[in-house]
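Fold and contact review
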Amino acid sequence: MTLEAVLASLHLLAILTLVVFVTSQAALCRSEWMNAAVVQRLARLDAIYGIVAVLLLLTGLARLFWGVKGLAGYTGSPLFHLKMSLFVVGALLSIKPTLAFRRWKRALDASGQLPSEDAIAQTRRWVMWQAHVIPVIAVVAIFWARGM
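Every value quoted in this text rests on a predicted model; they were computed, and no experiment measured them.

In this section: the pattern of salt bridges. For the structure on display, the rule yields two salt bridges. The salt bridge partner of R63 is E4, with a shortest N-O separation of 3.0 Å. One end of the pair, R63, is in helix α2 (residues 36-66); the other, E4, is in helix α1 (residues 2-28), and 59 residues separate them in sequence. The salt bridge involving K105 is made with D109; its shortest N-O contact spans 2.9 Å. Note that K105 and D109 are positioned in helix α4 (residues 78-111) at a spacing of four residues, about one turn of the helix. A relative accessible area of 28% means that K105 is categorised as partly exposed.

Below you can see the structure in the form of structure tokens.
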């Protein structure tokens, strides 16, 4: 049971950390706040977000293989598959902002150019979609954990 508690705690910590970083991106990715420091910060936040997403996946896999329910206990549930599908959707939604942040940082480093208002608005929409998918994953996990 101690291993299960540790794995569950690490997974929850990864989820909460992911929420913090996607929320930070959403808060900063606004044309009225955009400056060189924000571009640098968005690129850094996105790198951390990516690392945390990998840690979230790894802690989830650890629970899958070493957790109390076991592999069959997890994969036998349709809600598990919904949760995994939503995680993949979130990961796919993160690609466009990641590429944008990297492009903005390269342009800033090369010429001092900041992104256009349209580019910022479009990227913010993608970040907001990510930020809205993550809580849905958590809700599905709650129902799944209660055997529904």
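So, next bit.
Next up on the list: the side chain of T98. You can see T98 is positioned in helix α4. A polar contact is formed between the side chain of T98 and the backbone oxygen of S94, at a distance of 2.9 Å.

Bringing a nonpolar patch on the surface into the picture now. A cluster of nonpolar side chains, namely L3, I51, V54, L55, L57, L58, L61, F65, W66 and L71, defines an oily patch on the protein surface of about 990 Å² accessible area. The element contributing the most residues to the nonpolar patch is α2, with eight residues. When you line up the elements, L61 lands in helix α2.

Along the chain, T123 falls in helix α5 (residues 117-145). Not counting the four nearest positions on each side in its chain, T123 is found in contact with C29, P97, A100, F101 and W104.

There is a patch of like positive charges on the surface, built from K96, R102, R103 and R106. By the secondary structure assignment, R103 is in helix α4. Judged by its relative accessible area of 45%, R103 is partly exposed.

Packing of α4 against α5 brings their axes to within 9 Å, and their N-to-C directions diverge by 160°. Here α4 is positioned roughly antiparallel relative to α5, judged by the angle of their axes. Where α4 crosses over α5, the two elements pack in a sense that is left-handed. When the residues that make up the contact of α4 with α5 are grouped by side-chain class, the tally is 23 nonpolar, five polar and two charged.

Let us look at the packing of α1 against α2. Close contact between α1 and α2 brings their axes to 8 Å; oriented N to C, the two are set at 155°. It follows from the interaxial angle that α1 and α2 lie roughly antiparallel. Our pair here, α1 against α2, has a crossing hand that is left-handed.

Judged by nonpolar contacts, the single largest core of 23 residues is most densely connected at M34, L42 and W104. Taken together, the elements giving at least two residues each to this core come down to α1, α2, α4 and α5. For this core, the element with the highest residue contribution is α2, accounting for seven residues. Apart from residues lying up to four places away in sequence, M34 is in contact with L28, C29, V39, L42, W104, L114, P115 and I120. Within the second largest apolar cluster, 10 residues are counted, among which are F80, L86, L93 and V140.

Reading guide: rules and limits
- Residues numbered from 1 in each chain as written.
- Predicted model: local features only at pLDDT ≥ 70, side-chain atom pairs only at ≥ 80, totals over all residues.
- Heavy atoms only, no water.
- Salt bridge = Lys/Arg side-chain N within 4 Å of Asp/Glu carboxyl O.
- Helix = DSSP H or I, 4+ residues; strand = E, 2+ residues; numbered from the N terminus.
- Buried < 20%, exposed > 50% of the residue type's maximum accessible area, 1.4 Å probe, protein only.
- Polar contact = N/O pair within 3.5 Å; in protein donor to acceptor, adjacent residues only side chain to side chain.
- Patch = residues over 30% accessible without salt bridge, like charges linked within 9 Å, V, L, I, M, F, W, Y side chains within 5 Å.
- Areas by Shrake-Rupley, 256 points an atom, 1.4 Å probe, with all protein chains shown as cover.
- Contact = heavy atoms within 4.5 Å.
- Lys, Arg positive; Asp, Glu negative; His and termini not counted.
- Charge placed at Lys NZ, Arg CZ, Asp CG, Glu CD.
- Axes fitted to C-alpha atoms, helices over the stretch in contact; angles between N-to-C directions.
- Parallel < 35°, antiparallel > 145°, perpendicular 65-115°, else oblique.
- Left-handed = near helix turned anticlockwise from the far one by under 90°.
- Nonpolar A, V, L, I, M, F, W, Y, C, P; charged D, E, K, R; others polar.
- Core = buried A, V, L, I, M, F, W, Y, C linked by side-chain atoms within 4.5 Å.

By themselves these figures say nothing about function.
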